[in-house]
Amino acid sequence: MAITDKFQEDIPDVVEVEDHDENEEAEEGAPDVTGTGGDGKKKKKKKKTKKKKPVGLVQTDPPRIGLSKFFPDGHYPVGEIQEYTDDNAYRTTSEEKRYQERMILEDPEETYDNIRRAAEVHRLVRRHARQWIKPGMSMTSIAETIEEGTRTLVEENGLESGIGFPTGLSLNNCAAHYSPNAGDTLVLSHGDVLKVDFGVHVKGRILDSAFTLTWEPTYNKLLEAVKASTNAGIRAAGIDVRLGDVGAAIQEVMESYEVEVGSKMIPVKSIENLSGHSIGPYQIHGGKSVLLVKNRDQTKMEEGEYYAIETFGSTGRGTVIEEGDCSHYAKIFDGPTNPPLRLTSAKSLLKTINKNFGTLPFCRRYLDRIGESKYLLALNHLVSQGVVQDYLPLCDIRGSMTAQFEHTILLRPTVKEVVSRGDDY
Ligand SMILES: [Co+2]
């Protein structure tokens, strides 16, 4: 893809500097609760000492200029800030908690700038995808375009930065884990409900965020229900909050909606066997699950955790089952390090997986593009030996429609940060 470094002289550089200060303000001063930046005085004071962004560097369309070029000081935009409430309200202004965050920001492995960089890549890639994806396109071309955007913007570099997990493009009654394999001929149709779920990682910090697209107004209400439920889940999340209570908050909003399909009113259901999840370094499912329905899980969310808050609504049964060809795989995070493998091909494939993906999820197309072929027997062997987990497409009943919205949030010591928030969702 063409990369153009054009300079636009008419953009005043003051704008760029202010942009950048907004980030600093939230970190060094009081938490930026309103998201509008802090007081003007502080900005002026800092301006002199700041390294400037390249003046007038403009991102291409589609976005193909590495993001770091726009943020030479290594600080990336802060997400939406939500304050803790009740027993945790003290955190917003606590000196001790602020100090803790400063220490985190100074640690190159722990700093929030890793996940914020991934989030900014996600926002740019999806901004293009949301207006570009149209019925008539093949699922393969959609997936490849999103992936090319991610790879270039995050400046893919081995296991240091890259794709966080395979691009999910699940359609209609299928809610999750479909991505085209080689030879897939599926084409997007006008009446489809498409879930676009893709990931970006920087130093193993995985940004997991998803949205749904439709081209027919029939299912607008379904999308609205799911978007509102995800936001309810995000609101409910917090330090010391029980996972079961987040599920209840999600379900309550989800099931207050109904969708009119052909003059029939259909209630929206929370899919009961899908969930959001905590996220660890290089570990997409970090061990804690956030169900979308009320449940008795007393496990609490904790300070410092990263969560993917994702909800799925359905006009069907509200339950998914595995269906169709598998595309998604991942090495099991706590799996055996040196498993006894009788197939030589499996041993060699495992080496390839370790080198290219580690414990990050991958799909068959990612194996194809790095030159692997005829690997299915070996891959299945790794699955049967408990080394690799396969993730099959998850679908509700035929004829039903499902939608998904998802954000990654950080339970920072002082505030909750919805790091993937954009002006789109
Ligand atoms: Co997720």
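Residues numbered from 1 in each chain as written. Predicted model: local features only at pLDDT ≥ 70, side-chain atom pairs only at ≥ 80, totals over all residues.

Student: Is there a simple way to explain the overall build of the protein chain in this structure?
Tutor: Along the protein chain, the regular secondary structure elements total 10 helices and 18 strands. With 425 residues in all, the protein chain has 42% of them scored as buried. When contacts within the protein chain are restricted to residue pairs at least 6 apart in sequence, long-range pairs at least 24 apart make up 77% of them. (Helix = DSSP H or I, 4+ residues; strand = E, 2+ residues; numbered from the N terminus. Buried ≥ 20, exposed ≤ 12 C-beta atoms within 10 Å, placed from the backbone. Contact = placed C-beta atoms within 7 Å.)

Student: What's the story with the sheet that holds strand β14 (residues 362-363) in this structure? I'm lost.
Tutor: Sheet strands pair by backbone hydrogen bonding; their relative direction is either parallel or antiparallel. One open sheet holds the three strands; their spatial order is β14-β13-β15, and the pairing between them is antiparallel. Only two strands of the sheet have a single neighbouring strand rather than two, namely β14 and β15 (388-391). Note: strand β13 (residues 328-331) against β14, two bridges, orientation antiparallel. Following the sheet pairing, Y329 is matched in β14 by F362. (Pairing = 2+ DSSP bridges.)

Student: Any chance you could explain the packing of helix α6 (residues 220-236) against helix α7 (residues 243-254) here in plain terms?
Tutor: Running from N to C, α6 and α7 point in directions that differ by 155°, and their axes come no closer than 8 Å. By the angle between their axes, α6 is roughly antiparallel relative to α7. Here α6 runs over α7; the crossing is right-handed. Residues A225, A228, S229, A232, G233 and A236 of α6 form the contact with α7, whose participating residues are D245, V246, A249, I250, V253 and M254. Residue classes in the contact of α6 with α7 are distributed as nine nonpolar, two polar and one charged. (Axes fitted to C-alpha atoms, helices over the stretch in contact; angles between N-to-C directions. Parallel < 35°, antiparallel > 145°, perpendicular 65-115°, else oblique. Left-handed = near helix turned anticlockwise from the far one by under 90°. Nonpolar A, V, L, I, M, F, W, Y, C, P; charged D, E, K, R; others polar.)

Student: In this structure, what is going on with the pairing of strand β9 (residues 275-279)? I would like to understand it.
Tutor: Two faces make up the sheet, and in a regular strand the side chains alternate between them. Taken across its five residues, β9 has four buried, putting it largely inside the fold. The pairing of β9 with strand β10 (residues 289-291) spans three bridges and is antiparallel. Each residue of the ladder has a partner; that of G276, found in β10, is V290. Bridge count for β9 against strand β11 (residues 306-314) is three bridges, and the pairing is antiparallel. Across the sheet, the residue bridging to S278 is Y307, located in β11.

Student: Where do I start with the packing of helix α8 (residues 344-356) against helix α10 (residues 376-384) in this structure?
Tutor: Two quantities define a packed helix pair, namely the angle between the helix axes and the distance between the axes. Two elements in contact, α8 and α10, have axes separated by 8 Å at closest approach and are oriented at 80°. Relative to α10, the element α8 lies roughly perpendicular. Two secondary-structure elements touch here, α8 through S345, A346, L349 and L350 and α10 through L377, A378, L379, H381 and L382. In the contact of α8 with α10, the residues fall into seven nonpolar, two polar and no charged.

Student: Even after reading the chapter, I still don't get the environment of I206, so can you show me in this structure?
Tutor: Its location among the elements puts I206 in strand β5 (residues 205-214). Residue class for I206 comes out buried when judged on the 26 C-beta atoms lying within 10 Å of it. As a C-alpha pair, I206 and T408 span 202 residues in sequence and 8.6 Å in three-dimensional space. Not counting residues up to four positions away in its chain, the partners in contact with I206 are G164, G199, H201, I279 and I284.

Student: Mind showing me how you'd approach the sheet that holds strand β12 (residues 321-322) here?
Tutor: Taken in spatial order, the three strands line up as β3-β16-β12 in an open sheet, and their pairing is antiparallel. Looking at strand neighbours, the two that pair on one side only are β3 (174-176) and β12, the edges of this open sheet. Bridge analysis of β3 against strand β16 (residues 394-395) gives two bridges, and the strand direction is antiparallel. Bridge pairing links A176 to L394 in β16.

Student: What is the right way to read the nonpolar core from this model?
Tutor: In globular proteins that are soluble, nonpolar side chains generally tend to be buried together. Grouped together as the largest cluster of nonpolar side chains are 94 residues, with contacts concentrated most on I115, A175, L222, A237 and I409. Both domains that meet at this core, namely domain 2 (114-324 + 402-418) and domain 3 (328-391), each give it at least three residues. Contacts of A237, omitting those with residues within four sequence positions, involve V246, M301, Y307, I309, I409 and K416. (Core = buried A, V, L, I, M, F, W, Y, C linked by C-beta atoms within 7 Å. Domains from an automatic or database assignment.)

Student: I tried to follow the environment of Y257 on my own but got confused; where do I start?
Tutor: You can see Y257 is positioned in the loop between α7 and β6 (258-261). C-beta crowding within 10 Å serves as the criterion here: with 18 such atoms nearby, Y257 is assigned to the partly exposed category. For the pair Y257 and K221, spaced 36 residues apart in the sequence, the C-alpha separation amounts to 7.5 Å. Ignoring anything within four residues of it in the chain, the contact list for Y257 reads K221, E224, A225 and V268.

Student: Before we go on, may I ask you to explain the confidence of the model for the protein chain in this structure?
Tutor: The predicted coordinates ought not to be read in detail in places where the model reports low pLDDT. When pLDDT is averaged along the protein chain, the result is 90; 87% of the residues meet or exceed 70. Segment residues 1-49: pLDDT under 50, and 60 contacts once partners within four positions in sequence are set aside and those in other chains are kept. (pLDDT = per-residue confidence, 0-100.)

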